[in-house]
Amino acid sequence: MRLLVYGAGVTGSLFSARLHEAGHDVSLLARGERLAALRRDGVQLAQGDSPAARRVPVPVVEHPADGYDVIAVFVRAHQVDAVLEGDVVFLLNWAGGPEPLGAVIGPGRVLLGFPTAAGTMDGDVVRYRAANALTRRRWPTIRTRSAA
């Protein structure tokens, strides 16, 4: 299965790096300065305030190609302005429900989830928070699907 992670901020970078390290066929979509940094250094991850950052060579693309089985979207709601092909998993901090997104890309194509990962960008390094008792719970990530 081919997966595209759309959005190279904290959550998209962290998820794509973990998927890549687990052996999945994943690409990370990025643009501008972030794209250049990812091509040069890969995804850089540091836990909390640790000075050590590890580099994960996630494949990076600037434009999505055809043939992805799943597109996971990790952008802020105001950044959703592109029409995407296929079913789309939106992993963002937004409780507005699937209807507004379905109105843009088509009803029945929107899957909503809430990632349990969090962190900040420190230049080009993603500083993520270690898992705790709450984030280790095995809750399904994808919670709702819009009506067809």
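Since the structure is predicted, the reported quantities are computational estimates derived from the model, not experimental observations.

Let's talk about the overall build of the chain
Helix and strand counts for the chain come out as three helices and eleven strands. Here the chain holds 148 residues, and 43% of them are scored as buried. Excluding contacts between residues fewer than 6 apart, the proportion of contacts in the chain whose partners are at least 24 apart in sequence is 58%. Surface exposure of the chain reaches about 8500 Å², of which carbon and sulfur atoms provide 52%.

Quick word on the side chain of Q44
Along the polypeptide, Q44 turns up in strand β3 (residues 43-47). Classification of Q44 as buried rests on a relative accessible area of 10%.

Re the pattern of salt bridges
Going through the model one piece at a time under the given rule, you end up with six salt bridges. Notably, a salt bridge pairs D25 with R2, separated by 3.8 Å at the nearest N-O pair. With D25 in strand β2 (residues 25-29) and R2 in strand β1 (residues 2-6), this pair connects stretches of sequence that are 23 residues apart. On the accessibility criterion, R2 (29% relative accessible area) is partly exposed. Residues D124 and R40 are paired through a salt bridge, measuring 3.4 Å at the closest nitrogen-oxygen approach. You can see D124 sitting in the loop between β9 (119-122) and β10 (125-128) and its partner R40 sitting in helix α2 (residues 32-41), a full 84 residues away along the chain. Overall, R40 belongs to the exposed group, its relative accessible area being 55%. Among the charged side chains, a network of salt bridges with common partners joins R40, D41, R55 and D124.

Quick look at α2
Residues of α2 that are buried include every one of R34, L35, A37, L38 and D41, and no others. Within α2, the buried residues cover an arc of 165° as seen down the axis, which keeps them to one side. Projecting away from the buried face of α2 at angles above 90 degrees are the exposed residues G32, E33, R39 and R40. Residue G42 follows α2 closely and has a positive phi angle near 75°.

Brief notes about the environment of A8
Structurally, A8 is set in the loop between β1 and α1 (10-21). For the pair A8 and L28, spaced 20 residues apart in sequence, the C-alpha separation works out to 6.6 Å. Not counting residues up to four positions away in its chain, the partners in contact with A8 are S13, L28, L29, A30, R34 and L38.

Cut-offs and rules
- Residues numbered from 1 in each chain as written.
- Predicted model: local features only at pLDDT ≥ 70, side-chain atom pairs only at ≥ 80, totals over all residues.
- Heavy atoms only, no water.
- Helix = DSSP H or I, 4+ residues; strand = E, 2+ residues; numbered from the N terminus.
- Buried < 20%, exposed > 50% of the residue type's maximum accessible area, 1.4 Å probe, protein only.
- Contact = heavy atoms within 4.5 Å.
- Areas by Shrake-Rupley, 256 points an atom, 1.4 Å probe, with all protein chains shown as cover.
- Salt bridge = Lys/Arg side-chain N within 4 Å of Asp/Glu carboxyl O.
- Arc of directions from axis to C-beta.

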